[in-house]
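Now for the letters of each chain:
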Amino acid sequence: MITVTGATGNIGRTLVDLLAEAGEEVVAVSRNPQDHRNPRNPGDYGDPGHPRQTSSGVPGVPGVRWAEAHVGDAASMREPLTGARALFIVLGGELNAFGEHPELLLRAAADAGVERVVLVSSQVSATRPEAPSHARLREYEAAVRASGLDFTILRPGGFASNAFAWAETIRTKRTVFAPFADVALPVVDPADIAAVAARALREDGHGGRVYELTGPEPISPRQQTAVISAALSEEVTLVELPREEAHAAMSRFMPEEAVTGTLDVLGAPLPAELRVSPDVETVLGRPAGAFGGWVGRNLPAFR
């Protein structure tokens, strides 16, 4: 059995499907398990736990049991972990700022008999090791490494699904409002993160590995807008926001440190953050998915 946290999120929802299709017994954990009935929920500027993308995620999928629990509350996780051999951990946005020490969750997993853990961290944990915005993820990485369990750490860059933040204004105004319009980063399709996680959860050979996950090429907000425009067969305009305006908009749903850290990466990426990583292709045996593929699967969000 494999326990998947964040199971209604943009990674977890797809991961649950992949594991179930492979014949695995899955406990899908969410604070709001009823959300798995929702086909889509536009998310924000890249919180790994919240933006959702289209997936089957329907009641009655063979081998999937839904459980209400919170990855930041080890006591609530004890029942979903019972009998599991592997655990997938992804943090909701609020856990990037506060919460129990991650050692408590790892101890509960070990007590339940879990042998393998896959953690979604962030590329920024390596590229900006002092960044306050990612301190909690670094704590989780350290706890996973110290747990004594077989572990794999995934460090994705920016998510293709961050474009869900533009969905409402694309639908209503055919306009994207975004900062740093011409700064290109190799955004990763969350489906690729889920696919790599599925391999690491099910297969041997990934223990102790840290995978940096990116898309196949850098792509700027202006270029992303053009891809969405072409997919819609309608003109979509990009309006570049000053950093201050973007900061104010993001502060409505993100902690201050996360906003600052995100804008630092978007506006002034380091060389390592511009690099296309081979790790998706190394693990999956195929190239990483392009932004256009993600748009094609999620086009109803922008119509």
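Residues numbered from 1 in each chain as written. Predicted model: local features only at pLDDT ≥ 70, side-chain atom pairs only at ≥ 80, totals over all residues. Heavy atoms only, no water.

Draft legend 1. Main features of the overall build of the chain. From N to C terminus, the chain includes 13 helices and nine strands. Here the chain holds 303 residues, and 54% of them are scored as buried. Counting only contacts in the chain whose residues sit at least 6 apart along the sequence, the fraction spanning at least 24 positions is 80%. In the form shown here, the chain has an accessible surface area of approximately 12,200 Å², with 52% of it arising from carbon and sulfur atoms. (Helix = DSSP H or I, 4+ residues; strand = E, 2+ residues; numbered from the N terminus. Buried < 20%, exposed > 50% of the residue type's maximum accessible area, 1.4 Å probe, protein only. Contact = heavy atoms within 4.5 Å. Areas by Shrake-Rupley, 256 points an atom, 1.4 Å probe, with all protein chains shown as cover.)

Draft legend 2. Representation of the sheet that holds strand β8 (residues 209-213). Strands sit in the order β3-β2-β1-β4-β5-β6-β8 across an open sheet of seven strands; the sheet is parallel. Each edge of the open sheet is held by one strand with a lone partner, namely β3 (64-68) and β8. This sheet shows a mean twist of 15° between the axes of neighbouring strands, independent of strand direction. In terms of strand pairing, strand β1 (residues 2-4) meets strand β2 (residues 26-30) through three bridges, oriented parallel. Across the sheet, residue I2 finds its bridge partner in β2, namely V26. (Pairing = 2+ DSSP bridges. Axes fitted to C-alpha atoms, helices over the stretch in contact; angles between N-to-C directions.)

Draft legend 3. Focus on the packing of helix α3 (residues 102-111) against helix α5 (residues 135-146). In the contact formed by α3 and α5, the axes pass within 9 Å of each other and the chain directions differ by 35°. Handedness of the α3/α5 crossing: right-handed. Counting all contacts with α3, which are made through P102, E103, L105 and L106, the residues of α5 involved are R136, E139, Y140, A143 and V144. Split into classes, the residues belonging to the contact of α3 with α5 amount to six nonpolar, no polar and three charged. (Left-handed = near helix turned anticlockwise from the far one by under 90°. Nonpolar A, V, L, I, M, F, W, Y, C, P; charged D, E, K, R; others polar.)

Draft legend 4. Layout of the nonpolar core. Counting residues in each nonpolar core, the largest one holds 33 residues, and the members touching the most others are V4, L15, L19, F88, L154, L201 and L213. Listed by contribution, the elements that provide at least two residues to this core are β1, α1 (12-21), β2, β4 (86-89), β5 (116-120), α7 (190-202), β8 and α12 (279-284). With eight residues, α7 is the largest single contributor of residues to this core. Among all residues touching V4, those that are not within four sequence positions of it are G12, L15, V16, L19, V26, V27, A28, V29 and F88. One finds A74, L119, L149 and F151 within the second-largest nonpolar core, a separate group that totals 27 residues. (Core = buried A, V, L, I, M, F, W, Y, C linked by side-chain atoms within 4.5 Å.)

Draft legend 5. Layout of unusual backbone geometry. Notably, R174 is not glycine yet its phi reads approximately 50°, a positive angle. Summarising the element assignment, R174 is placed in the loop between α6 (167-173) and β7 (175-179). With relative accessibility at 17%, the residue R174 sits in the buried group. Here F180, not a glycine, exhibits a phi torsion of approximately 50°, which is positive. Within the secondary structure, F180 sits in the loop between β7 and α7.

Draft legend 6. Examining the pairing of β7 more closely. For β7, the tally of buried residues reaches four of five residues, placing the bulk of the element in the interior. With five bridges joining them, β7 and strand β9 (residues 237-241) adopt parallel strand pairing. Opposite P179, over in β9, you have L241 as the bridge partner.

Draft legend 7. Molecular detail of the confidence of the model for the chain. Here the chain averages 90 in pLDDT, and 88% of its residues register 70 or above. In this model, residues 39-59 is a region of pLDDT below 50 whose contacts with residues beyond four sequence positions or in other chains number 78 contacts. (pLDDT = per-residue confidence, 0-100.)

Draft legend 8. Up close: the environment of A272. Residue position: A272 is located in helix α11 (residues 271-274). By relative accessible area, which is 36% here, A272 ends up partly exposed. C-alpha separation for the pair A272 and T127, spaced 145 residues apart in sequence, amounts to 6.6 Å. Setting aside chain neighbours within four positions, we find A272 in contact with Q123, T127 and E212.

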